[in-house]
Amino acid sequence: AQSVAQPEDQVNVAEGNPLTVKCTYSVSGNPYLFWYVQYPNRGLQFLLKYITGDNLVKGSYGFEAEFNKSQTSFHLKKPSALVSDSALYFCAVRDIAHTGRRALTFGSGTRLQVQP
Amino acid sequence: DAGVIQSPRHEVTEMGQEVTLRCKPISGHDYLFWYRQTMMRGLELLIYFNNNVPIDDSGMPEDRFSAKMPNASFSTLKIQPSEPRDSAVYFCASTPTPGGFPGANVLTFGAGSRLTVL
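Computed from a predicted structure; not experimentally measured.

Trainee: Where do I start with the pairing of strand β4 (residues 31-38) of chain B in this structure?
Mentor: For a regular strand, the rule is simple: side chains alternate between the two faces of the sheet. Residue and element names in this part refer to chain B. Here β4 lies mainly inside the structure; eight of its eight residues are buried. Burial along β4 is two-sided: Tyr31, Phe33, Tyr35 and Gln37 facing one way and Leu32, Trp34, Arg36 and Thr38 facing the other are all buried. In terms of strand pairing, β4 meets strand β5 (residues 42-50) through eight bridges, oriented antiparallel. Residue Leu32 lies in a different strand from β5, and its bridge partner there is Phe49. Taken together, β4 and the strand that follows it, β5, pair antiparallel across an intervening segment of three residues. The pairing of β4 with strand β9 (residues 88-95) spans seven bridges and is classified as antiparallel. In the sheet register, Leu32 faces β9, and the bridge partner there is Ser94.

This is the structure:
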């Protein structure tokens, strides 16, 4: 089975400060990992993904995430937060071993609030 | 491309009524997914299709829910009869057949259909 946990319901950060949104995963094999963002009244939008290779993945809007296999984590980071980054962030995982099933498992979401 | 198109964006209905939600995937995408989002349960996969064929419907809550994909450009999710606990935002997403890394392709989501059952 595959699962993903986002331990924080909400993260508050001041504009200009670095931000981190945490994600840990569980798979039986190796993972594909994703981050999506959801703005109010919108569908989810893709930010970045880890497939293989470099553990540091860079994505849209200045976001990046680091894959840490030993800690089974894939935390989302940004060096300097913007008020416009305020949104709901979802981590998602797919176990590579489950070749017959192409669906992702999403975390519960973390609301990021950036204060001006 | 206009992206994944869902209709209606908002639906308010009374308990017991039939609800039909519609989705037009991106042209050329042969995987289509239906998700449901609630505060309590987060984002749940209901069913997904490949080349118009349902592959996994294990997430469909009960027999009141049904989904069809009569052709590559249209899918419906039907609830009959609807109940207040079905109130949620229903998302459709699509993705093309994967290339070098099966399963690593990105989902494109529609804007969602917000259903309220009174």
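Trainee: Quick question: what am I supposed to make of the pairing of β9(B) here?
Mentor: All names here are of chain B. A large share of β9 lies buried, amounting to eight of its eight residues. Where burial is concerned, the two faces of β9 agree: the one with Ala88, Tyr90, Cys92 and Ser94 and the one with Val89, Phe91, Ala93 and Thr95 are both buried. Bridge count between β9 and strand β11 (residues 113-117): three bridges; the pairing is antiparallel. If you follow Tyr90 over to β11, its bridge partner there is Ser113. Where β9 and strand β10 (residues 108-109) come together, two bridges link them in antiparallel fashion. Considered in β10, the bridge of Ala93 is made with Phe109.

Trainee: Honestly, the packing of aromatic side chains in this entry has me stumped. Any pointers?
Mentor: Two descriptors summarise a pair of aromatic rings, namely the distance from one centre to the other and the angle between the planes of the rings. All names here are of chain A. Within the structure shown, the criterion is met by 15 aromatic pairs over all chains. With a centroid separation of 4.1 Å and an interplanar angle of 20°, the aromatic rings of Tyr50 and Phe67 are classed as stacked. Taken together, the residues Tyr50 in strand β6 (residues 44-50) and Phe67 in strand β8 (residues 64-68) connect sequence positions 17 residues apart. Summarising the burial analysis for this pair, Tyr50 and Phe67 share the class buried.

Trainee: Would you mind showing me how to read the pattern of salt bridges here?
Mentor: Should their charged atoms come close, side chains of opposite charge can pair. All names here are of chain B. Applying the stated criterion across every chain yields a total of 10 salt bridges over all chains. A salt bridge links Glu62 to Arg85, with the nearest nitrogen and oxygen atoms 3.3 Å apart. Of this pair, Glu62 sits in the loop between β6 (53-56) and β7 (65-71) while Arg85 sits in the loop between β8 (74-79) and β9, and the two are 23 residues apart along the sequence. Its relative accessible area of 27% is what places Glu62 among the partly exposed residues. Assessed through its relative accessible area of 54%, Arg85 is described here as exposed. For Glu83, the salt bridge identified is with Arg85, shortest N-O distance 2.6 Å. Judged by its relative accessible area of 23%, Glu83 falls in the partly exposed class.

About the cut-offs
- Residues numbered from 1 in each chain as written.
- Chains lettered and ligands numbered in written order.
- Predicted model: local features only at pLDDT ≥ 70, side-chain atom pairs only at ≥ 80, totals over all residues.
- Heavy atoms only, no water.
- Buried < 20%, exposed > 50% of the residue type's maximum accessible area, 1.4 Å probe, protein only.
- Helix = DSSP H or I, 4+ residues; strand = E, 2+ residues; numbered from the N terminus.
- Pairing = 2+ DSSP bridges.
- Phe/Tyr/Trp six-rings, centres within 6.5 Å; stacked < 30°, edge-to-face > 60°.
- Salt bridge = Lys/Arg side-chain N within 4 Å of Asp/Glu carboxyl O.

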